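Fold and geometry: a report
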Amino acid sequence: MTVESVAAVPTENSSSASTIVVSPLSGYTGAEISGVDLSENLSDEDVAAIRQALLEWKVVFFRDQTIGHAEQIAFARRFGRVTPAHPYEDNPPEGFPEIFPIDSRRYNQQYGRKRTSYDSSWHTDVTALINPPSFSILRADILPPFGGDTTWTNLVAAYQNLPSELRDFVDRLDAEHTFENRAAQGSSRAAAFENKPLRTFHPVVRVHPETGERALFVSPGFTRRTKNLRNLTPRLSSHILEALWEEATRTEYTVRFRWQPGSVAFWDNRATAHLAIADAGHLGYDRVLYRVTIEGDIPEGVDGRRSESLEGDPFYGS
Ligand SMILES: [Fe+2]
């Protein structure tokens, strides 16, 4: 049995016209999808097959795609409502308010130093929101000749492999998520962080709305500013979060992706965290990618409790 035939396990799509092939890249996380051209209007069968692979492998990758902003947004719309670029993005590409540029050429101004990514720590996208995106789609345009990879981790696997006693404990916890303001003082982004704060208590374990799987929904990017677990002391919160971050990012749950121009990564933001590896900025290379995000729902914990907004409004798409 080939790897492809294992991965392509198809569902109701197996007898359909879908020609996509799904090739896993690691034991827990990530698969490459071939046999599809994202510049075309995909069949419902192809969309269903991609969604199935995404739910199973948490992040999927496409190579050698020739799409621009409009095609990327059109592709995203097949999977849900597309949000504006980002709660704090004030200068998206002309005519494409849904596109969030991850562009090293802009970061000197915003952060006061050369960077190749918006956030180079483990995070799940925009979890300071009460309804973080369900999916993110990132397309590579300009890349350094080496370096600048991205790594994803599978938060469902991280949860499932915890000892049962620890699972029972963390099931009941809520963590505060907020942005850490690392923007350059006086920049428009720093002002936006302060003037429109976003803070939310999310369950540390969320139940995936489509698969029913439980995921360890914490990552340092949005919980390290306050290190606040509801009803626990700062010291205990800090120790527990440090331990959970470590479990969530164990190497065996991860996949590392080497970008090429035309590469597209598509991830389930409800079941993954990711890390842009900061190994190219110091060399002076540019790195430009474009992200779109799909509207998400309000997370739900194992006992049915919902996330609670402390500051800020939901982020809706269209
Ligand atoms: Fe991200």
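Report on the accompanying structure. Treat the numbers as computed from the prediction; the structure is a model and nothing was measured. (Residues numbered from 1 in each chain as written. Predicted model: local features only at pLDDT ≥ 70, side-chain atom pairs only at ≥ 80, totals over all residues. Heavy atoms only, no water.)

1. Remarks on the side chain of T293
Heads up, the rule is: Labels follow the DSSP assignment, with helices taken as runs of H or I lasting at least four residues and strands as runs of E lasting at least two, numbered in each case from the N terminus. By definition in these notes, contact holds between two residues if any of their heavy atoms fall within 4.5 Å.
As for its placement among the helices and strands, T293 is situated in strand β14 (residues 288-294). Each residue touching T293, except ones within four places of it in the same chain, is listed here: R81, V82, T83, P84, A85, P133, F135 and S136.

2. Considering the side chain of T83
Cut-off, in case you're wondering: Polar contact criterion, stated in full: a pair of N or O atoms within 3.5 Å, where within protein one must be able to donate a hydrogen and the other to accept it, and residues adjacent in sequence count only if both atoms are side-chain atoms.
Within the secondary structure layout, T83 lies in the loop between α3 (69-77) and β4 (100-103). Polar side-chain contacts of T83 include one of 2.7 Å to the side chain of T293. Beyond its immediate sequence surroundings of up to four residues, T83 is in contact with E98, T293, I294, E295, F315, Y316 and G317.

3. A look at the coordination of the iron ion
Threshold: With water omitted from the atoms examined, metal sites may look incomplete; donors here are N, O and S atoms no farther than 2.8 Å from the metal, or 3.2 Å in the case of Na, K and Ca. Summary of the burial criterion: residues with accessible area below 20% of their type's maximum are buried, those above 50% are exposed, and those between are partly exposed, where the area comes from a 1.4 Å probe applied to protein chains only.
Within the first shell, the iron ion binds the protein through H123 (NE2), D125 (OD) and H274 (NE2), at distances of 2.1 to 2.2 Å. Look at where the donors of the iron ion fall in the sequence and you get H-x1-D-x148-H. A residue pair is termed long-range when its members are at least 10 positions apart, and H123 in the loop between α4 (104-111) and β5 (135-142) and H274 in strand β13 (residues 272-276) qualify at 151 residues. You'll find H123 and H274 in the same group, each marked buried.

4. So, the nonpolar core
Nonpolar side chains in soluble globular proteins tend to end up buried together. As a reminder of what qualifies: As used in this record, nonpolar core signifies buried Ala, Val, Leu, Ile, Met, Phe, Trp, Tyr and Cys residues forming a set joined through side-chain atoms within 4.5 Å.
I33, L38, I50, F62, F75, I137 and F266 are the most contacted members of the largest nonpolar core, which totals 30 residues. Elements represented by at least two residues in this core include exactly β2 (31-34), α2 (44-57), β3 (59-62), α3, β5, β12 (264-268) and β14. Ranked by residue count, the leading element in this core is α2, at 6 residues. Leaving out residues up to four positions away in the same chain, L38 has contacts with F62, Q65, I67, F75 and V264. Residues W122, L155, Y159 and L173 belong to the second largest nonpolar core, which totals 26 residues.

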